[in-house]
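Coordinate analysis (summary)
For reference, the chains in residue letters:
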Amino acid sequence: MQTATVLLTATPGWYDKLIRGISRSPYSHASISLDGINFFTFNYHGFVIEHPYHMKKKYNNMCIHIQVSDDAYKKLENEIVAFQRDCEKYAYSVLGVIL
């Protein structure tokens, strides 16, 4: 068994408040990590690596550690590598999300 970590975050921007309002969730952002240090997420620049530890004191966060099988862990690794290879394809804009 391996551990994957999901980090849910609530940041203070208007866009994030809109997402939290529509979803009725206290969080507006999610990222995933396989090593507990490098967190991967989608943002305006595409699929990127975050180092969110500086956010822990500023924002409302929840960290969820999930035990996954070795096969599932390998599939997650492969998906992350594929997203990284084509990271620019996954960029978005606020207007695009709203439409």
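The text that follows walks through the structure, step by step, so that each part is easy to find.

Thresholds applied
- Residues numbered from 1 in each chain as written.
- Predicted model: local features only at pLDDT ≥ 70, side-chain atom pairs only at ≥ 80, totals over all residues.
- Heavy atoms only, no water.
- Salt bridge = Lys/Arg side-chain N within 4 Å of Asp/Glu carboxyl O.
- Helix = DSSP H or I, 4+ residues; strand = E, 2+ residues; numbered from the N terminus.
- Buried < 20%, exposed > 50% of the residue type's maximum accessible area, 1.4 Å probe, protein only.
- Pairing = 2+ DSSP bridges.
- Axes fitted to C-alpha atoms, helices over the stretch in contact; angles between N-to-C directions.
- Contact = heavy atoms within 4.5 Å.

Now for the pattern of salt bridges. Counted under the stated rule, the structure contains one salt bridge. A salt bridge links K74 to E77, with the shortest nitrogen-to-oxygen separation between them at 3.7 Å. Residue K74 and its partner E77 are located together in helix 2 (residues 70-85), separated by three residues, close to a single helical turn. In this structure E77 comes out as partly exposed when scored by relative accessible area, which is 29%.

Following the sequence through the fold, G13 ends up in the loop between strand 1 (2-10) and helix 1 (14-23). Taking the C-alpha atoms as reference points, G13 and S28, separated by 15 residues in sequence, lie 10.0 Å from one another.

Once that is clear, we can look at the environment of Y44. Checked against the element boundaries, Y44 lands in the loop between strand 3 (39-43) and strand 4 (46-50). A residue is classified by how much of its surface remains accessible, and Y44, at 40% relative accessible area, is partly exposed. Taking the C-alpha atoms as reference, Y44 lies 8.2 Å from Y90; in sequence the two are 46 residues apart.

It is worth spelling out unusual backbone geometry at this point. A negative phi angle characterises most non-glycine residues, just as the trans form characterises most peptide bonds. A positive phi is found at R24, a non-glycine position, where the angle reads about 55°. Residue R24 is classed as exposed on the basis of its relative accessible area of 78%.

Before going further, it helps to examine the sheet that holds strand 4. Here five strands make up an open sheet; going across it, the order is 4-3-2-1-5 and the pairing antiparallel. Both outer strands of the open sheet, strand 4 and strand 5 (60-68), are each paired with one neighbouring strand and no more. Across the sheet, the axes of successive neighbouring strands diverge by a mean angle of 30°, strand direction being ignored. In this sheet, strand 5 lies alongside strand 1 in antiparallel orientation, the contact comprising nine bridges. Following the sheet pairing, T3 is matched in strand 5 by Q67.

Another aspect to go through is the side chain of R20. By the secondary structure assignment, R20 is in helix 1. If sequence neighbours within four positions are ignored, R20 has contacts with A10, T11, S25, P26, Y27 and S28.

Remember, this is a structural readout, not a statement about activity or role.
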